[in-house]
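Read off the chains here:
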Number of protein chains: 2
Amino acid sequence: MSEIRKHYFLSEYCIIAEERAKKPSDFTGADEDTGKESSENCLFCGGAEENTPLATAVYKNGKIYSDTPEKRVRNWDFRCFPNLYPALSPAQDIQEPGESSLQAEPGYGFHEVIIESPLHGRRLEGFSDSEISGLMQVYRDRTCSYTTREKIHYVSLFKNFGKKAGASINHLHSQLIALPFCPPPLARELKAIRNKESCPYCAIFDIEKASPRTILENSEWIAFTPYFSMGPFEVWVLPREHVSYLGDCSDGMLFALGEILREILKSYVRILGNPPFNYMFYQLAEAPEYHLNLRLLPRLSINAGFELDTGTYINTMSPERAASYLKGDLRPEDKNRKIEL
Amino acid sequence: MSEIRKHYFLSEYCIIAEERAKKPSDFTGADEDTGKESSENCLFCGGAEENTPLATAVYKNGKIYSDTPEKRVRNWDFRCFPNLYPALSPAQDIQEPGESSLQAEPGYGFHEVIIESPLHGRRLEGFSDSEISGLMQVYRDRTCSYTTREKIHYVSLFKNFGKKAGASINHLHSQLIALPFCPPPLARELKAIRNKESCPYCAIFDIEKASPRTILENSEWIAFTPYFSMGPFEVWVLPREHVSYLGDCSDGMLFALGEILREILKSYVRILGNPPFNYMFYQLAEAPEYHLNLRLLPRLSINAGFELDTGTYINTMSPERAASYLKGDLRPEDKNRKIEL
């Protein structure tokens, strides 16, 4: 049973989830890279369905199926099931907080993994058009299936790729955590947005479209290295149309999103080899003022004492220079070429 | 020349500082651990003074000296000089922001390193009483010397220890970055504090003193694993007396601070081996309402997509359990012993 604890006097939260690691030796060396994992005993592979929890949804040839305790669906395209070590879970005993001056609530919520291929070793860069757009539809479908649940106020959908980006299993997957509160960064954004006369993301769209930071665009989306970049090669993807969450995206928008996402990942591989990275959807189904966006961050630097202290990031590569590399104007071997902005 | 960029529509900042790494190959594999560094060619060692920038302050037998271009001070106890790759620096050409709809300012500020011993391989856990209290006095002195500078609104003082905590050189040192703005997390804290009738940190002191999370206390300070903990074995250190920054601390308080800090680091080594960690002072010289605190965080887990998306931390060890280990009630080998709270 996990617990959601509130900060002593701020509207911030942490989740205490002890299921996974309980003793100090579980931490020492826990993130050492043990080299390329094999598919042997991989729970995420097609054929291992019996060894996982019952699927919450199985996608196959464009249709959605359900596992039953008697029969697991096989030969799927995408498969979703509850995380074996959930940060939050739906069944929670209501516990009184132990200390009256402090605030906690049961760790209610949902935590699932989205397996993006039955085959070990596949990567999004190699997905066909129909595979990548199928995955975007799964993202939309899973988001929608949680936004309507009771007491859920945010659906966090993200990918951790590589050990340094927090992935513990290297079979292609994303995760979804549905929260009973609006996360503080989103709450702050929403407050700022509501103080404005028009959508600041629509304004960002216009600014970046005309800037040297745009790296890709298509009929529905724009991808750029944001003027305000936390780290090297951070990329944001914004829809041209103001929509607040994936549930508002048409099939055409999702097709175009898959296309642009795949291209960004290809350029990461071309420039950076095989970098660890995260991507995260920022979306608020409950707030039509919000403007859906997707952010990608290769994990090339470490947030150290300064970042922990000040919440301010030191970025050793300007987004303008990063955009030049991502667009192919600069190649990795162009060591000393100056970038004209 | 670095640049401080403001977020498109939030009061948040990033610092673009390209001096250190400019091409993609500077990132790939940049944080691979190459094993124990030797003292050969170490710029931080006693004897290498000629190879560093001129010291901003040299501490020797309780007195403060200055380097001159003709003569560097030798046989020092602690030595401070400007970071060779500064995130911010005092001399800045005033540049007009390139794009009118976006906000940037020159990267004005100060960035120095505090070398904590002339000897390679020393560690704070092995410091004598007078060495550790001398270092706390240096921390106070360096903080004070920057809080009074023009246009400086925050002094960030922190230690990165170990590559996974962001240290690039393993000779014992801390860093100080003086900022021309109040960092967003501190600004949010201050706003919440000003909305309260009394100091919430004084209230935290009272709560934690009576809780199972207190691990150490002395006449001046208390150390505890905070109820709201971002990660395993996070520890906060609070002064009993309400002071807002290190400049308000008496010599007696600093002596007691050194004592408690050294004990916490010893318990980290005892329980976790040789963990990478950060510690950071949270202090506001300009705001007497603020209550100085020091936070320590071993870097045992990775902030992944969920944390980046939601600003919410999943912590796999409760602070109550962590406190039991740190106090010695539990030993690392007590794998299955249940903690009574």
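Please refer to the structure placed before this passage.
Rules and cut-offs
- Residues numbered from 1 in each chain as written.
- Chains lettered and ligands numbered in written order.
- Predicted model: local features only at pLDDT ≥ 70, side-chain atom pairs only at ≥ 80, totals over all residues.
- Helix = DSSP H or I, 4+ residues; strand = E, 2+ residues; numbered from the N terminus.
- Buried ≥ 20, exposed ≤ 12 C-beta atoms within 10 Å, placed from the backbone.
- Contact = placed C-beta atoms within 7 Å.
- Axes fitted to C-alpha atoms, helices over the stretch in contact; angles between N-to-C directions.
- Left-handed = near helix turned anticlockwise from the far one by under 90°.
- Nonpolar A, V, L, I, M, F, W, Y, C, P; charged D, E, K, R; others polar.
- Pairing = 2+ DSSP bridges.
- Least-squares fit on C-alpha atoms with pLDDT ≥ 70 in both.
- Core = buried A, V, L, I, M, F, W, Y, C linked by C-beta atoms within 7 Å.

A. Spatial organisation of the overall build of chain A. In terms of helices and strands, chain A carries 6 helices and 15 strands. Per-residue burial over chain A gives 49% buried out of 341 residues. When contacts within chain A are restricted to residue pairs at least 6 apart in sequence, those whose partners lie at least 24 apart make up 66%.

B. Region of the structure containing the packing of helix α1 (residues 129-147) of chain B against helix α4 (residues 251-272) of chain B. Residues and elements named next belong to chain B. At a minimum axis separation of 8 Å, α1 and α4 run at an interaxial angle of 115°. Crossing angle aside, the handedness with which α1 passes α4 is right-handed. On the side of α1, the interface is formed by Ile132, Ser133, Leu135, Met136, Gln137 and Arg140, while α4 contributes Leu254, Phe255, Leu257, Gly258 and Arg262. Taken together, the residues of the contact of α1 with α4 break down into 6 nonpolar, 3 polar and 2 charged.

C. Quick look at the interface of chain B and chain A. With 78 residues of chain B in contact, the opposing surface of chain A contributes 78 residues. Taken together, the residues that form the side of chain B that touches chain A break down as 45 nonpolar, 19 polar and 14 charged. Alignment of strand β2 (residues 13-16) of chain A against strand β15 (residues 313-315) of chain B, held across 3 bridges, turns out to be parallel. The partner of Cys14 of chain A across the bridge, within β15 of chain B, is Tyr313 of chain B.

D. Fine view of the relation of the copies chain B and chain A. Each copy superposes on the other: chain B lies on chain A with an RMSD of 0.0 Å after a rotation of 180° and an axial shift of 0.0 Å. What the rotation and shift describe, once combined, is the action of a two-fold rotation axis. In this assembly, 100% of the residues forming the interface of chain B have copies in chain A that are likewise at the interface, indicating an isologous arrangement.

E. Examining the nonpolar core more closely. Formed by 96 residues in total, the largest nonpolar core has its most connected members in Ile15, Ala223, Val235 and Val237 of chain B. Counting residues per element, this core draws most heavily on α4 of chain B, at 12 residues. Ignoring sequence-local partners within four residues, the contact set of Ile15 of chain B consists of Thr312, Ile314 and Asn315 of chain A together with Ser2, Ile4, Ala87, Leu88 and Gly107 of chain B. Counting residues in each nonpolar core, the second largest holds 95 residues, with Phe158, Ala167, Ile204 and Leu300 of chain A among its members.

F. Main features of the sheet that holds strand β10 (residues 214-217) of chain B. Residue and element names in this part refer to chain B. Pairing within the open sheet is antiparallel, and its 11 strands lie in the order β4-β3-β5-β7-β9-β8-β13-β14-β12-β11-β10. Lying at the two open borders of the sheet, with one neighbouring strand each, are β4 (63-65) and β10. On average, each strand axis in the sheet is inclined to that of its neighbour by 20°, with strand direction left out of account. Here strand β3 (residues 57-60) pairs with β4 via 3 bridges, running antiparallel. Along β4, the bridge assignment pairs Tyr59 with Ile64. Across the sheet, helix α3 (residues 200-209) is in contact with β10, β11 (221-224), β12 (235-239) and β14 (293-298); its angle to β11 comes to roughly 65°.

G. Highlighting helix α6 (residues 319-327) of chain B. All names here are of chain B. For α6, the tally of buried residues reaches 7 of 9 residues, placing the bulk of the element in the interior. Looking at α6, one finds that the buried residues are Pro319, Arg321, Ala322, Ala323, Ser324, Tyr325 and Leu326. Considering only its buried residues, α6 is in contact with β10, β11 and α4. Just downstream of α6, Gly328 is the residue with a positive phi angle, here 90°.

H. Quick peek at the sheet that holds strand β1 (residues 3-6) of chain A. Strand order in the open sheet formed by 4 strands is β6(A)-β1(A)-β2(A)-β15(B), with mixed pairing between adjacent strands. Here the strands that pair on one side only, and so sit at the sheet edges, are β6 (104-106) of chain A together with β15 of chain B. Taking the axes of each pair of neighbouring strands and ignoring which way they run, one obtains an average angle of 25° across the sheet. Relative to β6 of chain A, β1 of chain A runs antiparallel, the two being bridged by 3 bridges. The residue of β6 of chain A that forms the bridge with Arg5 of chain A is Ala104 of chain A.

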